[in-house]
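# Descriptive structure summary
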Amino acid sequence: MARADDPPAPGRAEEIEPFWLDYQRHCNVKVEGFAATALGPTRAVSDELALLVRNGVKRAHATLKREFEKDLEPLPAPGDHLVVLDGAGHPRAIVRNTHVELRHFRDIDDEFAFTAGEGDLTLHWWLVAHRQQWSEQAEREGFEIGEASELVLEYFDLVWPQPQAEAT
């Protein structure tokens, strides 16, 4: 049985593809490609972040630039779509990048921390949580992490499921 601190499960094509097609059909959007991933390092964190995205609280995400380099993946770009998976690999939301930038860890600011939508939405919380997360990853994988580490910041809008209109 999976534990909350296990890494997120891989996505299941038989769930992701229909989720993606529902979005395209319902919103009359034709997009060639997309990525699908969980946003957290563990199943529990991935569940929490997927819920924050789906509820419109989390509107930005940071990834170590080295993650794209080691997997030989191109950096994300505005207009890219991402299917956000929960910790069990189930699709929970689709976001569309509005802005992407590179920033050093030491240059993260209050605005980004708030937009990232995690914890108590403060810069202090974000820095403590991500220093811990990336330090543990660096120790496991044998790389250096520090204030000069480059991050890829993705700002996005929730596009699926569509946000519910407020009842009047």
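Going by the structure above, here's the rest.
Now for a look at the structure at hand. Since the model is a prediction, treat every value here as computed from it, not as a measurement. (Residues numbered from 1 in each chain as written. Predicted model: local features only at pLDDT ≥ 70, side-chain atom pairs only at ≥ 80, totals over all residues. Heavy atoms only, no water.)

## Points about unusual backbone geometry
Threshold: Numbered from the N terminus, helices here are DSSP runs of H or I no shorter than four residues, and strands are runs of E no shorter than two. When a residue's accessible area, from a 1.4 Å probe over protein chains only, is under 20% of the maximum for its type it is buried; when over 50% it is exposed; and in between it is partly exposed.
The residue after Trp160, namely Pro161, is reached through a cis peptide bond having omega -10°. On the secondary structure map, Pro161 appears in the segment after strand E5 (150–160). You will see that Leu72, though not glycine, has its phi angle at about 55°, which is positive. Its place among the elements puts Leu72 in the loop between helix H3 (65–70) and strand E3 (81–85). Its identity as a non-glycine residue notwithstanding, Leu121 has a phi of 70°, on the positive side. Residue position: Leu121 is located in the loop between helix H4 (110–116) and helix H5 (123–141). Residue classification places Leu121 among the partly exposed positions, given a relative accessible area of 28%.

## Comments concerning the pairing of E3
Worth spelling out the cut-off: By the convention used here, strands pair only if DSSP detects at least 2 bridges between them.
The buried fraction of E3 is high, at five of five residues. Alternating residues of E3 divide into His81, Val83 and Leu85 and Leu82 and Val84, and every residue in both groups is buried. As judged from the four bridges shared by strand E1 (residues 35–38) and E3, these two strands associate in the parallel manner. Across the sheet, residue Ala36 finds its bridge partner in E3, namely Val83. Alignment of E3 against strand E4 (residues 91–104), held across five bridges, turns out to be antiparallel. In the sheet register, Leu85 faces E4, and the bridge partner there is Pro91. Turn length for the E3-E4 hairpin, with the two strands adjacent in sequence and antiparallel, is five residues, and the turn residue Gly89 shows positive phi of about 90°.

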